[in-house]
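# Coordinates in review
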Amino acid sequence: MSDTAHGVGGLTFDAKKRSVPTELNVFLALILIVVIFEILGWWMVDNSFLFNTSDRIDTLFNIQRIKIMILQFSIIGIIAIGVTQVIIMGGIDLSSGSVLGAVAMVTMSFAQASEVNGNPNPRALFLEQGWVDLPVLVPIMVGLSAGALAGFINGFLIAVTRIPPFIATLGMLLSARGVALWWSNGNPLSFPTESYKIIGAGMMPVYIFLFIAVLFGLIMKYTVYGKHTYAIGSNEQSARMSGIKVERHKILVYTIAGILAGLAAIVLSSKQETAQTGMGVMYELDAIAMAVIGGVSLSGGRGSVLGATIGMLILGVILSGFIFLRLDAYYQEIVKGAIIVGAVVLDQWRQQRAMAR
Amino acid sequence: MNDTQETILKVEGLTKHYGGVHALQDASCEIRRGEHVAIMGDNGAGKSTFVRQITGVEQRTAGKVVFDGREVSFPGPLAAREAGIETVFQNLALADDLDVPSNLFLGREKVLFNLGPFSILDRRGMRKATEEGLMRTGVKIPNLNNSIRNMSGGQRQCVAIARTATFPSKLTIMDEPTAALGVQETAQVEEIIRTLKESGESLILVSHNMRQVFDLVDRIIVFRRGRIVANLNKEDTDGQDVVAYITGAKTGAEYAGAA
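Okay, so let's go over this structure. (Residues numbered from 1 in each chain as written. Chains lettered and ligands numbered in written order. Predicted model: local features only at pLDDT ≥ 70, side-chain atom pairs only at ≥ 80, totals over all residues. Heavy atoms only, no water.)

### Description of the overall build of chain B
Basically, it comes down to this: Only DSSP runs of H or I reaching four residues or more are called helices, and only runs of E reaching two or more are called strands; each is numbered from the N terminus. Radius of gyration means the value over C-alpha atoms here, while the globule rule gives 2.2 Å times the residue count to the 0.38 power. Relative accessibility thresholds used throughout: buried, under 20% of the residue-type maximum; exposed, over 50%; partly exposed, between the two (1.4 Å probe, protein chains only). Contacts are assigned to residue pairs with any non-hydrogen atoms lying within 4.5 Å of each other. Method for areas: the Shrake-Rupley scheme with a 1.4 Å probe, in which residue coverage is limited to the protein chains shown. Within this scheme the basic residues Lys and Arg register as positive and the acidic residues Asp and Glu register as negative, but His and the chain ends are omitted. All charge positions are set by atom: Lys at NZ, Arg at CZ, Asp at CG, Glu at CD.
Counting its secondary structure elements, chain B contains 9 helices and 12 strands. In summary, chain B has a C-alpha radius of gyration of 19 Å against a globular reference of 18 Å for 259 residues, a match within 12%. Projected onto the principal axes, the alpha-carbon positions of chain B cover approximately 60 × 40 × 40 Å. Within chain B, buried positions represent 55% of all 259 residues. In chain B, once contacts between residues fewer than 6 apart in sequence are set aside, the share between residues at least 24 apart is 64%. Carbon and sulfur atoms make up 48% of the accessible area of chain B, which totals about 11,000 Å². The distance from the centre of the 31 positive side-chain charges to the centre of the 33 negative ones in chain B is 3 Å.

What follows is the structure, encoded as structure tokens:
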């Protein structure tokens with residue numbers, strides 16, 4: 001390879017020494033984990049983890065398991081796409097799980113059917129007002145707007161009052177959970193309209209997640225928005241000196257994270273056909289875990305949506321792997337914690353190695 | 001003399017106090033279009049303070065700054081840049097995790113389709129312009145796609161300077177651009193400064209390096225204890241003379257009684 005293809009000024013450049021993209025490393029880790037479960041599967045429960053062993057179904061892979069694996073995390077994955085952008089910008093969002101809970105309550109209250117099996121809907125919050133059987137667009141718009149509002153408040157607090165993102169979103173974590181409880185006095189809201197149920201039915205959550213992941217994967221790579229997000233996370237002072245409107249951009253990124261939490265709320269409440277005040281508890285930590293496992297650096301500036309997506313798959317594989325091996329749920333939490341810490345240690349180590357080279 | 005045609009920057013009675021400290025006292029000077037001027041002086045003489053007042057990083061206590069025929073008072077460095085003053089600060093203002101083209105175009109990206117914040121980047125165009133810009137300034141970078149975190153101090157400095165050199169500006173200010181560089185890297189930076197001269201851009205160079213100053217600039221302004229003590233044409237002076245002004249052995253006739 002001629003060096004002019006990559007550099008200028010006639011300096012030699014050793015293409016072989018080019019650093020391996022983080023995403024590739026994370027993907028290899030995913031494959032390694034799958035292989036480990038495959039081996040453990042044959043050893044512990046005498047069954048294949050990934051491949052189909054039933055004679056009744058004619059497929060190579062155990063499609064059912066793979067489907068469940070992806071499905072159970074695709075909704076948190078939608079949140080993780082937003083959280084990934086926030087972390088790349090050098091921030092953190094602890095509020096996404098609570099925002100999901102609050103938005104699910106608010107959205108469901110506008111998505112309820114008037115009648116259940118011929119009787120008036122006992123769970124309808126706005127039955128007296130007549131706000132039932134609304135077109136599906138109404139709850140969707142309400143949900144996305146509510147998410148955007150929560151994200152905007154986060155971003156506004158962080159950009160204008162300059163309090164640390166950790167504190168601002170911690171406040172939102174508590175307040176949004178309060179909103180979820182206050183909205184219906186703690187009562188669950190159920191029985192949505194048929195059209196609302198479609199949003200989260202079947203594999204829809206996975207398709208919505210894939211759409212969002214591809215959309216923001218492209219945006220982060222090919223637009224000014226993405227470039228500025230990386231620049232702020234890399235060196236906020238430099239970004240400001242270079243003329244990037246840092247405050248405005250922060251508000252925008254947190255608002256988008258809020259909108260994605262709102263979207264996740266819509267999908268989840270539709271899938272479960274109900275909204276409860278405890279929805280989404282600890283989701284923010286799973287979302288952060290996905291990003292970190294996927295190579296998104298907590299110090300900002302590095303990582304990608306693709307990496308976070310692979311991180312989501314790793315978390316999904318590990319959890320369904322534990323169920324497959326019939327291990328207690330307690331182990332899951334312990335291992336999950338260890339993996340998150342391990343991923344951050346790995347990131348630190350990668351940074352130091354990059355410096356040394 | 002027509003001020004707007006000949007003078008790019010005119011400073012009158014520029015003063016900056018930090019509390020009781022008079023860091024800059026009644027500094028007045030003029031810089032002509034296309035002229036390269038060095039600012040010299042000991043540490044604490046007020047050189048960087050002077051630069052910070054002009055570029056809007058700090059707000060002056062008193063005085064008048066006329067840039068390009070207009071009296072200005074920049075609220076921040078960005079406003080100064082928009083008006084046509086490019087500055088290479090000592091801390092470089094680079095984003096370590098981005099590659100060279102991204103850093104060169106940081107904050108003023110080339111765009112294919114304008115969609116507000118979601119405008120599509122013209123990656124190929126920026127890369128091409130970067131190659132041309134670096135080629136023109138003689139900067140050597142082995143791989144443009146590498147993040148600049150992995151580059152040497154000299155290469156980073158060159159990227160920061162190439163950034164100001166790639167975009168046409170009316171006045172470039174460099175605050176000790178070669179202070180931390182090796183011999184070869186210093187030569188490279190000096191080469192970039194020469195290309196600025198050829199393209200007729202004005203320059204203020206803050207430097208301690210006597211050889212460099214005599215190689216590159218037309219005029220030398222000497223600061224001592226917050227005051228301008230000499231304003232010398234390169235032809236009328238030499239190194240020893242300048243040192244005498246810096247240390248206080250001599251004071252320019254027109255500034256007598258100042259310090």
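### Description of the interface of chain B and chain A
This is how the line gets drawn: Values labelled buried area give the accessible surface lost by two parts on being combined, using a 1.4 Å probe and summing over both. A carboxyl oxygen of Asp or Glu within 4 Å of a side-chain nitrogen of Lys or Arg is what we treat as a salt bridge. The definition of a polar contact used here is a pair of N or O atoms within 3.5 Å, where within protein one atom must be able to donate a hydrogen and the other to accept one, and adjacent residues in sequence count solely through side-chain atom pairs. Charged means Asp, Glu, Lys or Arg here, nonpolar means Ala, Val, Leu, Ile, Met, Phe, Trp, Tyr, Cys or Pro, and polar covers whatever is left, Gly included.
If you look at the interface, chain B gives 37 residues, while chain A gives 33 residues. Overall, the association of chain B and chain A removes approximately 3,100 Å² of surface from exposure, summing both partners, and the carbon and sulfur fraction of that is 61%. On the surface where chain B and chain A come into contact, there are 1 salt bridge. Its salt-bridge partner being Asp97 of chain B, residue Arg302 of chain A comes within 3.3 Å of it at the nearest N-O pair. Our enumeration of links across chain B and chain A arrives at 13 residue pairs in polar contact (both at pLDDT 80 or more). Going through the elements one at a time, helix H3 (77-83), strand E8 (120-121), helix H5 (123-137) and helix H6 (153-166) of chain B are the ones with two or more residues in the side of chain B that touches chain A. For the side of chain B that touches chain A, the element with the highest residue contribution is H5 of chain B, accounting for 5 residues. A breakdown of the residues in the side of chain B that touches chain A according to their chemical character gives 19 nonpolar, 8 polar and 10 charged.

### Examining the sheet that holds strand E5 (residues 70-72) of chain B
Backbone hydrogen bonds are what pair the strands of a sheet, in a parallel or an antiparallel way. All names here are of chain B. Basically, it comes down to this: Two strands are counted as paired when DSSP detects at least two bridges linking them. Here an angle of 0 to 180 degrees is reported between the N-to-C directions of two axes, which are lines fitted to C-alpha atoms, with helices fitted over the stretch in contact.
One open sheet accounts for 4 strands, arranged E2-E1-E4-E5; its pairing is antiparallel. Of all the strands in the sheet, the pair left with one neighbour each is strand E2 (21-32) and E5. Here the average twist between neighbouring strands, direction ignored, is 25°. With 3 bridges connecting them, strand E4 (residues 62-67) and E5 associate as antiparallel partners.

### Remarks on the side chain of Ser95 of chain A
Residue and element names in this part refer to chain A. Examined against the element boundaries, Ser95 turns out to sit in the loop between helix H2 (63-88) and helix H3 (96-109). Given the relative accessible area of 1%, Ser95 is considered buried. Looking at Ser95, its side chain comes within polar contact range of the side chain of Asn154, at 3.0 Å. With sequence-adjacent residues up to four places away left out, Ser95 is seen in contact with Asn154, Thr169, Met172 and Leu173.

### Examining the environment of Ala102 of chain A
Residue and element names in this part refer to chain A. Among the secondary structure elements, Ala102 is positioned in helix H3. Residues Ala102 and Thr223, 121 residues apart in the sequence, show an inter-C-alpha distance of 31 Å. Those residues in contact with Ala102 that sit more than four places away from it in its chain are Ala176, Val179 and Ala180.

### Examining the pattern of salt bridges
Across all of its chains, the model carries 26 salt bridges over all chains by this definition. We note a salt bridge from Glu247 of chain A to Arg162 of chain A, for which the minimum N-O separation is 3.3 Å. Residue Glu247 of chain A is located in helix H10 (residues 246-272), and its partner Arg162 of chain A is located in the loop between helix H4 (137-161) and helix H5 (165-183); the two are separated by 85 residues in the primary sequence. Notably, a salt bridge pairs Lys250 of chain B with Asp241 of chain B, separated by 2.4 Å at the nearest N-O pair. Each member of the salt-bridge network shares a partner with another, and the members are Arg162, Glu236, Arg240, Glu247 and Lys250 of chain A.

### A closer look at the nonpolar core
Keep this limit in mind: In this description, a nonpolar core means a group of buried Ala, Val, Leu, Ile, Met, Phe, Trp, Tyr and Cys residues linked to one another through side-chain atoms lying within 4.5 Å.
The biggest cluster of nonpolar side chains holds 92 residues, and the ones touching the most others in it are Phe37, Ile78, Ile81, Leu100, Phe216, Leu260 and Val317 of chain A. When sequence neighbours within four positions are dropped, the list of residues in contact with Phe37 of chain A reads Phe49, Val317, Ile318, Gly321, Phe322, Phe324 and Leu325 of chain A. Counting residues in hydrophobic clusters, the runner-up holds 44 residues, among them Ile141, Leu144, Ile161 and Leu216 of chain B.

### What to know about helix H9 (residues 239-247) of chain B
Residues and elements named next belong to chain B. When H9 is considered as a whole, its buried residues turn out to be Asp241, Val242, Ala244, Tyr245 and Ile246. Structurally, H9 contributes buried residues whose contacts are with strand E3 (36-40), helix H8 (210-216), strand E11 (219-224) and strand E12 (227-233). Between a side-chain oxygen at the N-terminus of H9 and the backbone nitrogen of Gln240 the separation is 3.1 Å; the capping residue is Asp238.

### Here's the deal with the sheet that holds E12 of chain B
Residue and element names in this part refer to chain B. One open sheet accounts for 6 strands, arranged E6-E9-E10-E3-E11-E12; its pairing is mixed. Single-partner strands in this sheet number two, and they are strand E6 (85-88) and E12. Between one strand axis and the next, the sheet turns by 15° as a mean value, whatever way the strands run. The sheet contacts of H9 involve E3, E11 and E12, and relative to E11 the element is tilted by about 25°.

### Quick notes on the packing of H6 of chain B against helix H7 (residues 183-198) of chain B
All names here are of chain B. This is how it is decided: Reported orientations rely on four angle classes, namely roughly parallel under 35 degrees, roughly antiparallel over 145, roughly perpendicular from 65 to 115, and oblique for the rest.
For the pair H6 and H7, interaxial distance at closest approach is 10 Å and the crossing angle is 5°. With respect to H7, the axis of H6 lies roughly parallel. Taken together, the residues of H7 that come into contact with H6 (itself represented by Gly154, Gln155, Gln157, Cys158, Ile161 and Ala165) are Glu185, Gln188, Val189, Ile192 and Leu196. Its residues assigned to classes, the contact of H6 with H7 shows 6 nonpolar, 4 polar and 1 charged.

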